[in-house]
Amino acid sequence: MDVDVVVIGMGPGGEEVAGSLAAAGLSVVGIENNLVGGECPYWGCIPSKAMVRAGDVLAEGRRVPRFAGSADIEASWAPVAGRVREVTSAWDDGAAAERFTGKGGRLVRGAGRITGPKEVTVGDEVFRARRGVVIATGTAPAVPPIDGLEGTPYWTNREAIEAENLPESLAVLGGGAIGCELAQVFARFGTRVTILEAGPRLLSLEEPESGELLRSTFENEGIDVRVNAKAERVRHDGDGFVINDDLRAERFLVAVGRRTNLAGLGLGVVGLDEGARFVEVDDRMRAADGVWAVGDVTGKGAFTHVAVYQGRVATRDILGEDGPGADYQALPRVTFTDPEIGAVGLTERQARERYADVRVHTTDLANNSRGWLHRAEGFLKLIESEGRLVGATSAGPMGGEILGALAVAVHGEVPVERLRQMIYAFPTFHRAIDAALL
Ligand SMILES: Cc1cc2nc3c(=O)[nH]c(=O)nc-3n(C[C@H](O)[C@H](O)[C@H](O)COP(=O)(O)OP(=O)(O)OC[C@H]3O[C@@H](n4cnc5c(N)ncnc54)[C@H](O)[C@@H]3O)c2cc1C
Ligand SMILES: NC(=O)c1ccc[n+]([C@@H]2O[C@H](COP(=O)([O-])OP(=O)(O)OC[C@H]3O[C@@H](n4cnc5c(N)ncnc54)[C@H](O)[C@@H]3O)[C@@H](O)[C@H]2O)c1
């Protein structure tokens, strides 16, 4: 069958390209071997943030004695499991599929494979794409080769999100975004949680202060945080897991990063490296003649907002429209723990590796009027080079929202001097920007 474009993988990145091109009048085939929408709406961002919201409500209730009297809080997992089923439509992608077909796209269920230049095969159906093929196959959980792990009922993000019952205890391998967000949720509901992080701190890709802040908060909330720790051996004895012979936990969540779904995709057929971890793309998301790639497979940041952003860039390129190429200098990311860790652009370390002239401005939220009123923990760290902000971290209540102002400053290359001359509303958390710069 001849079409204009074939999109392999209908997660946030693929859905964006396929839907926009179909809406623009192109004949588009979108191929999906699981659920249209990908990881984010069913086992990622959306249900995990529903869980985070529930944990935050509990934590806020527990703050009542410090502020406003007394409150009896009795946590129950049932509403959380119910809300997860509601926001994921109980893992039914009917509405997402219709969103695409309603724009005129054709959805094909199955695993797509590149079988020739601009040619994709699904089962015994062959699609030839006049304009080209978009690779948007995303990622799956990376599972390290730990002695004894294979064959045990360990959890990845999928089982953790689907959990109908609260485990009594949970060991979390990996103190990155998934590990930290889910560890805090389960702990707030009463699960005894231990985090094993191989590196020296939590959220190892972010500022060290972010990892330290989370560690102290987590420890205050009763989470056992073990850094420089690995799982060497694991066994499951019917009742639960025994990790390294001494740590016992009913459930074991593996959250040590992701691996791209590229094996067996036929990348070699179009001259791409079959063994590479990511698909190399230029700033138009082109990977080879007639091949574009978007989302987690590009290695530019495993976030839904990156997949959608790249999807827009690829769409413009496929339609032959002008517009700026992909630019990641103001890439934002938010870890939805409490305190929330928002960051944009470079960390201090990355900035020092890149620029000779780096200035760092920090302030503690305890010195910010609203932070003090809230008895909040957190900080702002701003990284300046050549008179512009090149990176920033905003950690604290609504850290990801306060980040918005900083992301605009980094993206817009606003001179720091101009930020110093701005009026910041009093008493807001974001007024800490003023304090940091002074
Ligand atoms: C627990 C968790 C929480 C997260 N929270 C956030 C968050 O708060 N904010 C954020 O920005 N990001 C978050 N993420 C990351 C976000 O989910 C991903 O970055 C995003 O889903 C990537 O989109 P994608 O389109 O690249 O790939 P995916 O969402 O992985 O979709 C790829 C799709 O391709 C399909 N596919 C694969 N191979 C084939 C094939 N050969 N043929 C046909 N179909 C195929 C897959 O079935 C899948 O549906 C989270 C992830 C997890 C796991
Ligand atoms: N709020 C968000 O935007 C959000 C939330 C969840 C996930 N995500 C995305 O999903 C991606 C995957 O999340 P993740 O938490 O699985 O990965 P991650 O890369 O963020 O963190 C993995 C952590 O596991 C550690 N680790 C690696 N191997 C280990 C081992 N053998 N033993 C113990 N620790 C080990 C690493 O040092 C690292 O700290 C993230 O990078 C992020 O892009 C985003």
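Computed from a prediction, not measured in an experiment: that's the story for all the values here. Once a new chain begins, its residue numbering starts again from 1 and follows that chain's sequence as written. Both sets of labels track the order of writing: A upward for chains, 1 upward for ligands. Selection of residues for local features in this predicted model requires a pLDDT of at least 70, selection of side-chain atom pairs for listing and counting requires 80 or more, and totals for whole chains, interfaces and linings are taken over all residues. Calculated side-chain values reflect all of the structure's heavy atoms, with hydrogen atoms and water omitted.

**Here's the deal with the layout of surface pockets**
Argument step 1. Of the grid points, spaced at 1 Å and generated over the protein atoms alone, those admitting a 1.4 Å probe that cannot get out make up cavities, while open sets with protein on both sides within 12 Å along at least five of seven lines make up pockets; any residue with an atom within 4 Å of a point is treated as lining. Grid points are joined across faces, edges and corners, and a volume is the space filled by probe spheres set on the points. By volume, the second largest pocket is sized at about 990 Å³.
Argument step 2. Contributing to the lining of the second largest pocket are 30 residues, with Ala 59, Glu 60, Arg 63, Arg 188 and Asp 338 lying nearest its centre.
Argument step 3. Elements represented by at least two residues in the lining of the second largest pocket include exactly helix H3 (45-62), helix H4 (64-67), helix H8 (177-188) and helix H9 (208-220).
Argument step 4. The helix count covers DSSP runs of H or I at least four residues long, the strand count covers runs of E at least two residues long, and both are numbered beginning at the N terminus. Element by element, the count of residues in the lining of the second largest pocket is highest for H3, at 8 residues.
Argument step 5. Basically, the charged four are Asp, Glu, Lys and Arg, the nonpolar ten are Ala, Val, Leu, Ile, Met, Phe, Trp, Tyr, Cys and Pro, and anything else, Gly included, counts as polar. Of the residues contributing to the lining of the second largest pocket, the split by class is 12 nonpolar, 5 polar and 13 charged.

**Focus: the UniProt feature "domain: Pyridine nucleotide-disulphide oxidoreductase dimerisation" (unreviewed entry) in the protein chain**
Argument step 1. In the numbering used here, UniProt assigns the feature "domain: Pyridine nucleotide-disulphide oxidoreductase dimerisation" (unreviewed entry) to residues 332-435.
Argument step 2. Between the C-alpha atoms that bound residues 332-435 there is a distance of 22 Å. The span itself is 34% helix and 31% strand. UniProt positions are given in the numbering used here, feature names are shortened, and annotations may be inferred rather than shown by experiment.

**What about the site of ligand 1?**
Argument step 1. Nearness is defined per residue: one heavy atom within 4 Å of the molecule or strand is enough. Close to ligand 1 lie 38 residues, the nearest being Glu 32, Lys 49, Gly 112, Asp 296 and Thr 304.
Argument step 2. In the analysis that follows, any N or O atom pair within 3.5 Å is treated as a polar contact, provided that within protein one partner can donate a hydrogen and the other can accept it, and provided that, for residues neighboring in sequence, both atoms belong to side chains. Separating an oxygen atom of ligand 1 from a backbone N or O atom of Thr 139 is a distance of 3.3 Å.
Argument step 3. Within the backbone of Ala 302, an N or O atom sits 3.2 Å from an oxygen atom of ligand 1.
Argument step 4. Accessible surface area values rest on a Shrake-Rupley calculation with a 1.4 Å probe, where residue burial reflects the displayed protein chains alone. Surface burial for ligand 1 is 91%, taken as the share of its 1,000 Å² of free accessible area covered by protein chains.

**Focus on the site of ligand 2**
Argument step 1. The full set close to ligand 2 counts 23 residues, and Glu 181, Glu 197, Gly 257, Ala 302 and Val 334 are the nearest of them.
Argument step 2. One of the backbone N or O atoms of Gly 257 is found 2.9 Å from an oxygen atom in ligand 2.
Argument step 3. Take Ala 302: an N or O atom from its main chain is 2.7 Å from an oxygen atom of ligand 2.
Argument step 4. When ligand 2 sits alone it has 840 Å² of accessible area, and the protein chains cover 78% of it.
Argument step 5. If one sorts the elements of the shell around ligand 2 by residue count, H8 sits on top with 4 residues.
Argument step 6. Grouping the amino acids of the shell around ligand 2 by side-chain chemistry returns 12 nonpolar, 7 polar and 4 charged.

**Observations regarding the sheet that holds strand E22 (residues 388-396)**
Argument step 1. Two strands are counted as paired when DSSP detects at least two bridges linking them. Within the open sheet, the 5 strands sit side by side as E18-E19-E22-E21-E20. Their pairing is antiparallel. The open sheet has two free edges, formed respectively by strand E18 (332-335) and strand E20 (359-364), since each of these has just one partner strand. Averaged over neighbouring strand pairs, the angle between their axes works out to 10° when direction is ignored.
Argument step 2. Strand direction decides the pairing type here: strand E21 (residues 379-385) and E22, joined by 7 bridges, are antiparallel. Across the sheet, the residue bridging to Leu 380 is Ser 394, located in E22. Only C-alpha atoms enter the line fits that serve as axes; for helices the fit covers just the stretch in contact. Angles between N-to-C directions range over 0 to 180 degrees.

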